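What follows is each chain in one-letter form.
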Amino acid sequence: MLMQILKDVAVVSGISTLLAVVLIIAQKYLSDYGICKINLNKKRDVSVEGGSSLLNSLAEEQIFLPSACGGRGSCGTCKCKVNSGGGPLLPTEKPFLSKTELADNVRLACQVKVKSDMEINVPESIFNIRRFQAKVHEIIDYTYDIKGITLKLVSPDTIDFQAGQFVQIESQAYAKIKQKVVRAYSISSKPQDNDRIQLIIRLVPEGICTTWIHKYLEEGSDVTFTGPYGDFYIRDTEADIIFVAGGSGKAPMKSMLEDLQVKGTTRKMTYFFGARTAKDLYLTDEMRSFEQVFSDFKYEPVLSKPAPEDKWKGKTGFVMPYFQDAIRDPKNTEAYLCGSPGMINAVKKSLIAMGVPDDKIYYDSFG
Amino acid sequence: MEISSFVLFWAAIFTSNILLTNFLGMCSYLSVSKEIESSFGLGVAVAFVLTITSGLNWIVYHLILVPLGLVYLQFIVFIIVIAAFVQLLELLVERYTPALYYTLGIFLPLITVNCAIFGVSLFMVIRDYSFVQSMAFGAGSGIGWLLAILMLAGIRAKLKERLVPIGLQGAGISLIITGIMALAFIGFSGIVNVQ
Amino acid sequence: MKKSPLEIKILSKMQPGEITLNGFLGEDSRDLYDIIAEDERTLETLGVSANELADKMQYFTDKSSDSFMDSVEIDEIFIVDTEVVRGKLPCPFSHPGIYRKTITTLTNKKYNITIRWTALNIHLIKEHHFFEGKNSAFRLDPQVLLKALFA
């Protein structure tokens, strides 16, 4: 009897052990990708432990691709060109890639796993991207739903960016919100103040991160962000400039103008700011004061729907009809736009109709 | 049992469909049949695992359990083999066909607890199939299961547009549909009988 | 009925703080399937399909998004205004694709009803017949929706 029991136990354990050993060996062989070399832009090699996602592997090497969802494959911002070693395209990536991107080997870095040596292309500017710890230095209420937040850097203690670029803030868990989210905001302060950044943030209804910033941040709070990102910055030419901004799109323009103030310029510049009513206007005096700073600068706020109590005497309606007066030579005009995709599209269309070259229209869409 | 593997294969699909005559594997059949696409993914995975595990279990049963006189351990041993195989399959699929891995997603580990898989291994023992017969029966049952879940998913897709009495929504109407499908499949049973 | 893994996944994505601040379910403790089923029954009695509602909503959103900083008047009784804010939202049912954060506000002058919806709402109604749970911030009652959308 005892022998029988022992035999049963032995056989079951034996079979289980055998299978477990097979699995362990398989796992060791199948899941170990060893050290993989990732070649960036044919210039630089980084060696990473295989098996993790490309996004995370690069982040460990302090190379930060923009990512808004934290690698869950839902935002589609961590695109990069994978020339070799990326494996087949996954169904999770397809919805985010256009036909040209597909043909161009563009992939989502959070979905591609590093399993062999790879060769990828990333924008040069991302090598500058770092992860920063900062403290809230000052909070200013610009309008009923727009705040200006100044962050003082803790570590690293300086940032090198171009006026017009943006950073990504990581919100912490609060109230019912149990996880961090990552959201992008443009820097509104000048690059010369390299120990701090200012952001202009509008409260988005039901927004997880903006609610955190508006309701939970106070002076002295800790904030983590990565950056700088983006290729929206003033091109160094002598062409005339038209700035067009709407809502919180004022942030990059403020940074650009303050930057130009330090560097000095004689370019002809006109700044159109589109808002609905007078209560959506902010920083008007600061923007107006630039008219004294530059030799040829004009700030033009345009209200689409001024309320009767606003007693608005300025320009009304859409911003586009007023461009004509600001453009001397369309071929020698650059346009910098920041606002909602609807605004960008309408403004872009109208500028092209007026003869401004397509490739001289630069924009940062909220998209 | 003298029955050709070829006949057994077709019989397992139609006349003794594992799902529609034995009602095995109902759990995932009911819960994953909402969309044709995912039903197909799961169906293919089940068919594959069924084929391989019936072969593996045949080997384990006839080469280990029978000689040692431990046939009463078959339940526990079969389950262990199925679980281990699914695990191994998951590793292999992830490594070599990541696209398929993402399509199958959670369905792969779910297969471990699919009773159709276990049922086929037990039938193979009861009916005393040979190795080749077991594989044919496993493959046939798998394809039969795939066929059944695809049919249900198709019908449920049509049903989405229609109004179903509250008490019957979800599992209720699905079971009724399955019953009618089973009745229809009885029509095949005159052709060949392997039960 | 036992909840399938898919259902559990969907429900978890509808919780506050997953995709939106307050989630999609509001104070509704019913089964996801029941929420959808009840609205589907309402649709049946009203004699309108979710598709028709979604198409009409899309029509208003499209019409008003051309005019990016002002409301537009459509067919004399609708005042529609679409606002786009930064960011995109994924579908809680894990459908591929992401939806821009557009908020369309529509006022029906005839009945004096104002409703608002997002691009994601249109998708949820069209593809999933999901009008959100009771008292959710973007709950759209099919009855009110029908009255507001069709003069």
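Just so you know, these numbers come straight off a predicted model, no measurement behind them. (Residues numbered from 1 in each chain as written. Chains lettered and ligands numbered in written order. Predicted model: local features only at pLDDT ≥ 70, side-chain atom pairs only at ≥ 80, totals over all residues.)

Quick notes on the sheet that holds strand β4 (residues 106-108) of chain A
Residues and elements named next belong to chain A.
Item 1. Taken in spatial order, the five strands of this open sheet run β2-β1-β5-β3-β4, and their pairing is mixed. Looking at which strands have only one partner, the edges of the open sheet turn out to be β2 (44-49) and β4. With strand direction ignored, the average angle separating the axes of adjacent strands in the sheet is 40 degrees.
Item 2. When strand β3 (residues 79-84) meets β4, the two strands line up antiparallel, connected through three bridges. Its bridge partner lying in β4, Lys79 is registered against Leu108. (Pairing = 2+ DSSP bridges. Helix = DSSP H or I, 4+ residues; strand = E, 2+ residues; numbered from the N terminus. Axes fitted to C-alpha atoms, helices over the stretch in contact; angles between N-to-C directions.)

Quick word on the interface of chain A and chain C
Item 1. With 28 residues of chain A at the contact, the number on the chain C side is 22 residues.
Item 2. Take the side of chain A that touches chain C: its biggest share by element is four residues, from helix α8 (residues 341-353) of chain A.
Item 3. By residue class, the composition of the side of chain A that touches chain C is 10 nonpolar, 11 polar and seven charged. (Contact = placed C-beta atoms within 7 Å. Nonpolar A, V, L, I, M, F, W, Y, C, P; charged D, E, K, R; others polar.)

Quick look at the pairing of strand β2 (residues 78-90) of chain C
Residue and element names in this part refer to chain C.
Item 1. In terms of residue burial, β2 counts as a mostly covered element, since 11 of its 13 residues are buried.
Item 2. Where strand β1 (residues 72-74) lies against β2, three bridges are found, and the strand directions are antiparallel. Across the sheet, the residue bridging to Glu73 is Ile79, located in β2.
Item 3. Counting the residues that bridge the hairpin from β1 to β2 gives three residues, and of these Asp75 lies at a positive phi of roughly 50 degrees.
Item 4. Bridge count between β2 and strand β3 (residues 98-108): 10 bridges; the pairing is antiparallel. In the sheet register, Lys88 faces β3, and the bridge partner there is Arg100. (Buried ≥ 20, exposed ≤ 12 C-beta atoms within 10 Å, placed from the backbone.)

Here we look at the nonpolar core
Item 1. Grouped together as the largest cluster of nonpolar side chains are 88 residues, with contacts concentrated most on Ala109(A), Val167(A), Leu199(A), Phe243(A), Val244(A), Tyr271(A) and Val347(A).
Item 2. Setting aside its immediate chain neighbours within four residues, Val167(A) contacts Tyr185(A), Ile187(A), Ile197(A), Phe225(A), Thr226(A), Gly227(A), Pro228(A) and Tyr229(A). (Core = buried A, V, L, I, M, F, W, Y, C linked by C-beta atoms within 7 Å.)

Quick notes on the interface of chain C and chain B
Item 1. Taken together, the seven residues of chain C in the interface contact seven residues of chain B.
Item 2. With four residues, the single largest contributor to the side of chain C that touches chain B is helix α2 (residues 32-46) of chain C.
Item 3. Along the lines of polarity and charge, the residues of the side of chain C that touches chain B split into four nonpolar, one polar and two charged.

A closer look at the environment of Leu54(A)
Residue and element names in this part refer to chain A.
Item 1. Structurally, the position occupied by Leu54 is in helix α2 (residues 54-60).
Item 2. Given 28 C-beta atoms within 10 Å, Leu54 falls into the buried group.
Item 3. Along the chain, Leu54 and Cys110 lie 56 residues apart, while their C-alpha atoms are 6.0 Å from each other.
Item 4. Not counting residues up to four positions away in its chain, the partners in contact with Leu54 are Ala109, Val112 and Val114.

Considerations on the pairing of β3(A)
Item 1. Where β3(A) and strand β5 (residues 118-121) of chain A come together, three bridges link them in antiparallel fashion. In the strand pairing of β5(A), Ser84(A) is matched with Glu119(A).

What about the packing of helix α1 (residues 2-31) of chain A against helix α4 (residues 74-96) of chain B?
Item 1. Taken N-terminus to C-terminus, the directions of α1(A) and α4(B) make an angle of 5 degrees; their axes are 10 Å apart at the nearest point. Considering their axes alone, α1(A) and α4(B) lie roughly parallel with respect to each other. Contacts from Val12(A), Ile15(A), Ser16(A), Leu19(A), Val22(A), Leu23(A), Ala26(A), Gln27(A), Leu30(A) and Ser31(A) of α1(A) reach α4(B) at Ile76(B), Val77(B), Ile80(B), Val81(B), Ala84(B), Gln87(B), Leu88(B), Leu91(B), Leu92(B) and Arg95(B).
Item 2. A per-class count over the contact of α1(A) with α4(B) returns 15 nonpolar, four polar and one charged. (Parallel < 35°, antiparallel > 145°, perpendicular 65-115°, else oblique.)

What to know about unusual backbone geometry
Item 1. Following Ser155(A), the chain continues to Pro156(A) via a peptide bond in cis, the omega torsion being -10 degrees.
Item 2. Within the secondary structure layout, Pro156(A) lies in the loop between β7 (146-155) and β8 (166-171).
Item 3. Cis peptide bonds are those with omega within 30 degrees of zero, and the linkage from Gly227(A) to Pro228(A) qualifies with -5 degrees.
Item 4. Mapped onto the secondary structure, Pro228(A) falls in strand β11 (residues 222-229).
Item 5. Of note in this structure, Gln62(A) is not a glycine but carries a positive phi near 65 degrees.
Item 6. Residue position: Gln62(A) is located in the loop between α2 and β3.
Item 7. Using a count of 11 C-beta atoms within 10 Å as the deciding quantity, one classes Gln62(A) as exposed.
Item 8. Even without a glycine there, the phi angle at Glu76(C) is positive, about 70 degrees.
Item 9. Structurally, Glu76(C) is set in the loop between β1 and β2.
Item 10. Exposure remark for Glu76(C): the 9 C-beta atoms within 10 Å place this residue in the exposed category.

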